[in-house]
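# Summary of structural features
Here is how the chains run, residue by residue.
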Amino acid sequence: SRANERLVASGPGPKRIVFIGDSRIAMWSELPRIPGAQMINRGRGGDTTAQVLARLDRDAIALNPQIVVLQVGINDLKAIGVLSERAAEIQASCRENIKHMVGDLELHGIHVVVLTIFPVGRVELVRRAIWSRDIDNAVVTANTSLRELSSSLTTVIDGDLVFAVNGRMNPKYANGALHLNEAGYAALSETVL
């Protein structure tokens, strides 16, 4: 994209922090403010881990960031509701793609902040026909794996500590089943800083 080309052409300037992932990143309109840092949002609604992995070089690594904040995975796992026979494969692919992203970023000396997959809120009527408790269980399993990614270059922020109430998204932070509202993003910004 032209925005990426301009950032690459400007070279390393202020500290760059790239936020990359699915709609949960894309909808984060008020990114945390860090003096002297350039915040770049590269979230894209509907992206799976495979799609974010495919654009990681272009939308994150090529921008020469010092830090990348990553939130992705729910779009993979929600497919379990209609592809229950492939649940194990979907979960494994999700975990491996995220591990691959973290490994690529670390290889470039980029500090990674991995946000665990946020808990699911109250499932709306329109989603109930294709929703399964297996999705909720897959989020728990994926997050257990994500917590193990901590290293000298990777920090894992556990969204459950911020958002979960009895295993579900706290309603005061929820915008439907899958997204955060303004209060949720404010709480997330405070946590990421």
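Look up a bit, the structure's there.
I will try to describe carefully the structure that is included in this document. Here the structure is a predicted model, which means the values were calculated and not measured.

## Let's talk about the side chain of R24
Position of R24 relative to the elements: it lies in helix α2 (residues 23–26). Buried within the structure, R24 lacks any salt-bridge partner; its nearest side chain of opposite charge belongs to D22, at an N-O separation of 5.1 Å. Separated by 2.6 Å, the side chain of R24 and the backbone oxygen of L178 make a polar contact. Aside from chain neighbours lying at most four places away, what touches R24 is Q71, I74, I117, F118, P119, L178, H179 and Y185.

## Focus on the pattern of salt bridges
Summed over the entire model, instances satisfying the criterion amount to twelve salt bridges. Of the charged contacts in the structure, one is a salt bridge between R33 and E30, with a shortest N-O distance of 2.9 Å. The two residues R33 and E30 agree in class, both being exposed. Across the salt bridge formed by R55 and D47, the nearest N and O atoms sit 2.7 Å from each other. Taking the relative accessible area as the measure of exposure, R55 reaches 3% and is therefore buried. You can call D47 buried: its relative accessible area is 3%. Residues joined in a network through salt bridges with shared partners are R44, D47, R55, R58 and D59.

The rules behind the values
- Residues numbered from 1 in each chain as written.
- Predicted model: local features only at pLDDT ≥ 70, side-chain atom pairs only at ≥ 80, totals over all residues.
- Heavy atoms only, no water.
- Helix = DSSP H or I, 4+ residues; strand = E, 2+ residues; numbered from the N terminus.
- Buried < 20%, exposed > 50% of the residue type's maximum accessible area, 1.4 Å probe, protein only.
- Lys, Arg positive; Asp, Glu negative; His and termini not counted.
- Salt bridge = Lys/Arg side-chain N within 4 Å of Asp/Glu carboxyl O.
- Polar contact = N/O pair within 3.5 Å; in protein donor to acceptor, adjacent residues only side chain to side chain.
- Contact = heavy atoms within 4.5 Å.

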